[in-house]
Amino acid sequence: TTYSFPENFFWGAAASGPQTEGTADKLHPSIWDSWHANHPERFFQGIGPQQVCDTLYKYREDVALMKNIGLNSFRTSIQWSRLIEDFETGQANEQAVRFYNDYFDEMINQGIEPMINLYHFDMPEELQTRYGGFESVHVTDLFARFAATAFRLFGEKIKYWTTFNEPIVPVEGGYLYDFHYPCKKDGKLAAQVAFNIMLAHAKAVKCYRELDLDGEIGVVLNLTPSYTRSDSAEDHKAAWYADLLFNRSFLDPLVKHQFPPELCEVLAANNCLPQVSKDDIALITSSSIDFLGVNYYVPRRVQARETPYNLDYFTPEFYFENYVDPDGRFNPYRDNNEILPQAIYDIAANIRNNYGNIKWYLAEIGIAMDLESEGPVLQDGVIDDSFRIGLMEEHLIQLHRAIAEGANCFGVHQWTFIDNWSWINSFKRRYGFYRLDLVSGQRQIKRNALWFKALAQSNQLT
Ligand code: BGP
């Protein structure tokens, strides 16, 4: 069978500034730079964001590698803590402006559409320390200043912008479960930060609209359907809550222009309602995006709570229990990684049926493997990571099925281009089209990249 994709489909890769650039020439540290400096033991093998792909120096060679594997688009992010010299005024740093200009020009000259994100978990450390990061409304204004600077500087050449990548992740990581700085474990603060992130997003979108540039702006959300253990009403209720708290909490305000009343009820019942003004709510619900980016890796499976909830602060798990499907398929090369290609179809159906069939693209999908499991370099110089290819095909077949039924999807970006640094996981899980040798910095192509090249060039899966 041949699966053809829509014309002008985006086939690309996704990455982010803090995970690839390296920390050289930065005037300000981000929370990741300083957290790693103070607590290297929190990071897998102690490796931090200095030791990454060195994109800062190697972007020309790297864009040539993108071209080499047929990518027609590429997402990365601008680091707030690199671009901005003065956070209060939003004044840019000259050297950083030169770097981003050259990097984006290089892509454009090679026929690769840059899609640029503004926030990929990388709060400037100074703003976290002084104001509590997105705990503070003032920081939402500073974010909008940063965004406005980026739009003014690069808005002529960048046609696709996103404000935030997976905005719920810094909320979970930093305020519920302790895998992002500042590890506070405070449900009420989590709700406040979530609200303020949406406010920061809406303020940035407003700046973009005011500049009247020729381009589009959106947001990237990680969406995970919740599948139930059984068909019981209790299990379905549990899934409904998981969906409310993890998907609808951001999707509904940002796409449907409304905060779900049930979300407010849940927060109120747990004494977690954030402090908000009517004007700020109105700003969020009146702002609109041109497209949605969707990241998907693993499905969520839930059941009604059976064991007592034992945290002394609120987290969404108060309303459900995660469970592992004994019959599930698992990726042997990554912990807790159930494989469920069907989820792609279900996400697409949800967007089509419940979110006005807004235009969207798959902004991250990837198959994690640890270094050893990717296999040796073959005689032709290619690393044998064939395991990925079959799984990617299964996911894309589900996407194709959804598109055939009307899903408004315009592209696929695989995570990631060159193996990159992944927060506290550092280089534990590899995802790249190219392997990064951490010692020599050398990039080595993997079989999956050649498979993707054929896909991108023919616009079909055969
Ligand atoms: C996504 C993030 C990326 C990336 C990826 C892999 O959630 O947007 O930044 O890191 O996950 O993550 P991990 O290394 O945890 O598997």
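Structure's up top.
Now for a description of the structure that goes with this document. Since this is a predicted model, take the numbers as computed values, not measurements. (Residues numbered from 1 in each chain as written. Predicted model: local features only at pLDDT ≥ 70, side-chain atom pairs only at ≥ 80, totals over all residues.)

**Quick look at helix α9 (residues 187-211)**
Side chains of residues three or four places apart in an α-helix project in the same direction, reflecting 3.6 residues per turn. So the rule is basically this: Working definition: helices are DSSP H or I runs of at least four residues, strands are E runs of at least two. Numbering for both runs from the N terminus. How far a helix is expected to stretch is found by multiplying one less than its residue total by 1.5 Å. Field definition: a residue is buried when 20 or more other C-beta atoms are found within 10 Å of its C-beta, exposed when 12 or fewer are, and partly exposed for counts in between, with C-beta atoms placed from the backbone.
The terminal C-alpha atoms of α9, which comprises 25 residues, lie 37 Å apart, in line with the 36 Å expected from a rise of 1.5 Å per residue. With 19 of its 25 residues buried, α9 lies for the most part within the structure. A positive backbone phi angle near 55° is found at D212, which sits one or two residues after α9.

**Considerations on the pairing of strand β7 (residues 160-165)**
Spelled out, the test is: When DSSP finds two or more bridges between two strands, those strands count as paired.
The buried count for β7 comes to six of six residues, which makes it a mostly enclosed element. Here four bridges tie strand β6 (residues 113-119) to β7, and the two strands are oriented parallel to one another. Within the sheet, the bridge partner assigned to N117 lies in β7 and is T162. Bridge analysis of β7 against strand β8 (residues 216-222) gives four bridges, and the strand direction is parallel. Looking across to β8, one finds that Y160 is bridged to E216.

**Topic: unusual backbone geometry**
Along the chain, Y181 connects to P182 via a cis peptide bond; the corresponding omega equals 10°. On the secondary structure map, P182 appears in the loop between α8 (168-175) and α9. In this structure, the amide linkage connecting W415 to the following residue, T416, adopts the cis form with an omega of 10°. The phi torsion at C183 lies on the positive side, around 50°, for a residue other than glycine. Located in the positive-phi region is N336, a residue other than glycine, with phi close to 50°. Topologically, N336 is positioned in the loop between β12 (321-322) and α13 (342-354).

**A short note on the sheet that holds β12**
The line we're drawing: Any residue pair is listed as a contact if its two C-beta atoms, each placed from the backbone, are within 7 Å. Inter-axis angles, ranging from 0 to 180 degrees, are taken between N-to-C directions of lines fitted to C-alpha atoms, where helices are fitted over the stretch in contact.
Taken in spatial order, the three strands of this open sheet run β9-β11-β12, and their pairing is mixed. Every other strand in the sheet has two partners, leaving β9 (226-228) and β12 as the edge strands with one partner each. Here β9 pairs with strand β11 (residues 300-303) via three bridges, running parallel. Bridging across to β11, S226 finds its partner in R300. Along the sheet, helix α10 (residues 233-255) makes contact with β9 and β11, crossing β9 at roughly 170°.

This is a description of form; function is not addressed.
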